[in-house]
Amino acid sequence: MWVVVHTCVGFALGALFWERLGWPWWLVAVVVLVSHPLLDLIPHWDYVFTEKRVAWGCLDFFASLAACIALLALGAPLALVVLGPISGAPDFDVLTNTLTGSRLRHWFPSHWDRFPHGVCGPRPGIALQVAIMAASAAVFFALG
Ligand SMILES: [Zn+2]
């Protein structure tokens, strides 16, 4: 799943478990990290095998960065905002491979070949990821 989707889910989970329910930050960091492989199970469309993977990868990275900057500009605590990149961090092995064209072994379990990574076509795969981001934003702003 795209880095920006994981990032948005990390924001929402942080708003719920850390900010609203008062769970310890370290435990919420574990929760957002565990959310990564769970999201990767959901059928989605990845750009890594397309010809425009470098452009998609750059867009994905900068969209994630822009989301972090936007939340900080809106006054969200840094400790909350950083949960987004923690959720997306496992995808950096995918991102670096995509940008460099490398086929090096991935280190995160949900990126291994034997992991049942969810896959579907571009139209439903993009729509689903946009819907997850919208739902995450709704949760984040409803709790904030
Ligand atoms: Zn992933």
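Residues numbered from 1 in each chain as written. Predicted model: local features only at pLDDT ≥ 70, side-chain atom pairs only at ≥ 80, totals over all residues.

### What to know about the overall build of the protein chain
Short version of the rule: For the purposes of this entry, the term helix denotes a DSSP run of H or I that reaches at least four residues, the term strand denotes a run of E that reaches at least two, and both are numbered from the N terminus. The globule rule is 2.2 Å times the number of residues to the power 0.38, and the radius of gyration it is compared with is taken over C-alpha atoms. Any residue whose C-beta has 12 or fewer other C-beta atoms within 10 Å is treated as exposed, any with 20 or more as buried, and any in between as partly exposed, C-beta atoms being built from the backbone. Here, residues touch in the contact sense if the C-beta positions derived from the backbone fall within 7 Å of one another.
Along the protein chain, the regular secondary structure elements total seven helices and zero strands. Secondary structure elements of the protein chain occur, N-terminal to C-terminal, as α-α-α-α-α-α-α. The C-alpha radius of gyration computed for the protein chain amounts to 15 Å, which stays within 12% of the reference 15 Å derived for 144 residues, consistent with globular compactness. Judged by the C-alpha coordinates and their principal axes, the protein chain covers about 40 × 25 × 25 Å. Within the protein chain, the fraction of its 144 residues that count as buried is 34%. Summarising the internal contacts of the protein chain: among those between residues at least 6 apart in sequence, 76% fall at separations of at least 24.

### Some remarks on the confidence of the model for the protein chain
This is how it is decided: Looking at any residue, its pLDDT shows the predictor's confidence there, from 0 to 100.
Predicted confidence across the protein chain gives a mean pLDDT of 92, with 99% of residues reaching 70 or more. Taken element by element, the protein chain is modelled with least confidence in helix α6 (residues 92-100), mean pLDDT 78, and with most confidence in helix α4 (residues 78-81), mean pLDDT 98.

### Some words on the nonpolar core
Formally: Remark: nonpolar core denotes a set of buried Ala, Val, Leu, Ile, Met, Phe, Trp, Tyr and Cys residues whose joining runs through C-beta atoms within 7 Å.
Core analysis: the largest hydrophobic core is formed by 27 residues, its most contacted members being Val-4, Val-5, Cys-8, Val-9, Phe-11, Ala-12 and Leu-83. Listed by contribution, the elements that provide at least two residues to this core are α1 (3-20), α2 (25-41), α3 (53-73), α4, α5 (83-88), α6 and α7 (122-143). In terms of residues, this core owes the most to one element, α1, which gives 10 residues.

### Let's talk about the environment of Phe-49
Here Phe-49 lies in the loop between α2 and α3. Given 9 C-beta atoms within 10 Å, Phe-49 falls into the exposed group. Taking the C-alpha atoms as reference points, Phe-49 and Glu-19, 30 residues apart in sequence, are found 38 Å from one another.

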